[in-house]
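# Fold and contact review
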Amino acid sequence: MSIASLAPVELSVDISDMRFYAWTPQNAAAKITIENQGIRQSTDKFDIEVFDRYSGSGGGVRFNPQLSREQSAGFAPSDEDLRSEPIEALFIATKAHSTVPALSHLAPRLTSRSTIVLLQNGMGVYEDLVQRIFRNPESRPHFILASNTHGAWLKSAFHVVHAGIGDIAFGIVPDSRKRDFEASMADESKPLYERSLVLDDITRPDDPSFDQYRSLRHTVAVLQSLDALGCKWSPIADVQLAMRKKLVVNAIVNPLTAVLGCRNGGLFKDESSHNMMRSVCEEAAAAFRAQIEADTQAWLDSLDLSVDKSQVPVGRVPKELGADALEREVLRVTHVTRGNMSSMLSDVRKNNPTEIDFLNGYLVRLGEQYDVPMPVNRALVQLVKMRLASVYTPSAALNER
């Protein structure tokens with residue numbers, strides 16, 4: 001299935017993120033190219049909307065390929081060119097640190113009927129958005145979270161190389177109106193292999209609240225159709241488990257490769273790097289345990305007094321989040337991706353901001369919240385920031401001679 005077959009699809013481009021590429025009609029053309037094992041597939045006929053995150057207007061401008069980057073930035077659009085209509089479904093594929101600025105700009109066009117799909121690395125992005133932008137649960141859009149194990153890198157603007165085949169686990173954030181999107185996935189009358197997400201659990205055409213949940217149902221239906229990407233739907237707790245495992249892998253591989261300047265396969269050839277990995281896994285496992293125990297206790301405290309709480313298992317931590325299991329996962333992923341360059345190493349070499357604050361930085365904040373010491377994660381945050389500050393561009397190096 002091509003991307004265009006899911007139309008209407010609109011590409012929203014932050015003009016400030018185009019600074020790394022020449023602003024040309026070719027680079028900003030309404031065409032996306034996906035390359036896998038040397039084979040390229042392109043899809044066009046997208047409608048491009050250009051916005052500047054710093055403008056604060058909430059609207060975007062229909063892209064005009066005849067304008068230069070500078071002209072586009074100062075362009076005074078006509079009513080026909082200005083886009084300010086509500087957004088039904090929004091897929092956010094920015095880096096973690098760019099998500100809040102992008103959504104801050106688009107927030108005036110998002111309503112409680114909108115659906116947002118978050119595809120970032122790390123954790124804490126959704127919590128950040130809820131704290132800083134969508135504080136009111138009644139007006140908050142629907143959110144879908146994802147844990148993505150595909151490997152890809154940007155060859156040029158809108159030209160993506162799909163370097164590693166993986167899968168994407170999606171989950172729907174619980175509804176503030178208490179609608180149970182996971183009813184069929186929890187149906188104990190069926191064996192586990194027959195339980196799956198059912199669109200009618202979200203809404204049906206005869207539902208009095210159909211308009212409130214229509215975009216969520218349609219977005220889920222589209223994602224369910226993307227078989228080639230290995231998309232699967234899971235209870236949100238399972239997606240969060242996958243996100244935590246991936247977080248720990250990235251919190252080890254990304255900062256170490258960025259600091260050492262090596263590909264993934266260059267790690268763990270010595271005792272010191274193994275010790276570093278072990279420490280990060282132990283700190284993360286302790287923080288996850290403290291978080292799960294606190295969340296379980298809060299849930300118990302909310303139960304009616306008639307409930308026998310002694311029969312409820314408290315703080316049952318998934319075995320996948322133990323330090324030993326996390327360490328095995330890190331070694332497994334590192335071996336599978338041994339020829340890859342981590343995104344953080346790529347960012348450091350290009351002198352771009354990194355996602356360290358949503359990887360090890362997230363673990364540090366989690367440790368602070370639950371009084372779990374995080375000395376190694378804290379040190380890795382500082383090392384990456386020091387490494388980025390020490391990167392010389394060719395022009396800077398020449399100026400110092």
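Our structure's up above, just so we're on the same page.
Conventions adopted
- Counting starts from 1 at the beginning of each chain's written sequence and moves along it residue by residue.
- The model is predicted, so local features are restricted to residues of pLDDT at least 70 and side-chain atom pairs to those at 80 or more, both for listing and for counting; the totals for chains, interfaces and linings are taken over all residues.
- Note that water and hydrogens are dropped before the side-chain values are worked out from all heavy atoms of the structure.
- Partly exposed describes any residue whose relative accessible area lies between the buried limit of under 20% and the exposed limit of over 50%, with all areas from a 1.4 Å probe on protein chains only and scaled to the type maximum.
- Think of it this way: any DSSP run of H or I at least four residues long counts as a helix, any run of E at least two long counts as a strand, and we number them from the N terminus.
- What counts as a salt bridge is simple: a side-chain nitrogen of Lys or Arg found within 4 Å of a carboxyl oxygen of Asp or Glu.
- Any two residues whose heavy atoms approach within 4.5 Å at even a single point are treated as in contact.
- As used in this record, nonpolar core signifies buried Ala, Val, Leu, Ile, Met, Phe, Trp, Tyr and Cys residues forming a set joined through side-chain atoms within 4.5 Å.

## Brief notes about unusual backbone geometry
A negative phi angle is the norm for most residues apart from glycine, just as the trans form is the norm for most peptide bonds. Of note, glutamine 37 is a non-glycine position whose phi angle comes to about 55 degrees, a positive value. When its relative accessible area of 76% is taken as the criterion, glutamine 37 is described as exposed. Residues other than glycine seldom take positive phi values, yet lysine 178 does so here, at roughly 75 degrees. As for its position among the elements, lysine 178 is in the loop between strand S12 (168–172) and helix H4 (199–202). Looking at lysine 178, the relative accessible area reads 73%, which means it is exposed.

## Concerning the pattern of salt bridges
Enumeration according to the criterion identifies 16 salt bridges in this entry. The shortest N-O distance in the salt bridge between arginine 204 and aspartate 206 comes to 3.1 Å. Of the residues examined, arginine 204 reaches a relative accessible area of 37% and is grouped as partly exposed. Note that glutamate 293 is salt-bridged to arginine 289, the shortest N-O span being 3.6 Å. With glutamate 293 and arginine 289 both in helix H7 (residues 271–302), this residue pair falls four residues apart, about one helical turn. The partly exposed category is assigned to arginine 289, whose relative accessible area is 41%. Each of Arg278, Glu282, Asp324 and Glu327 takes part in a single network of salt bridges with overlapping partners.

## Notes on the side chain of glutamate 35
Topologically, glutamate 35 is positioned in strand S2 (residues 31–36). Its relative accessible area of 11% is what places glutamate 35 among the buried residues. For glutamate 35, the residues in contact, after removing those within four places along its chain, are Arg40, Lys155, His159, Val160, Val161 and His162.

## Quick look at the nonpolar core
The biggest cluster of nonpolar side chains holds 64 residues, and the ones touching the most others in it are Ile116, Leu118 and Ile252. Among the elements that make up this core, the one with the highest residue count is helix H6 (residues 236–260) (twelve residues). Setting aside residues no more than four positions away along its own chain, isoleucine 252 makes contact with Phe268, Met277, Val280, Cys281 and Val330. Ile144, Ala146, Phe181 and Ile202 belong to the second largest nonpolar core, which has 17 residues in total.

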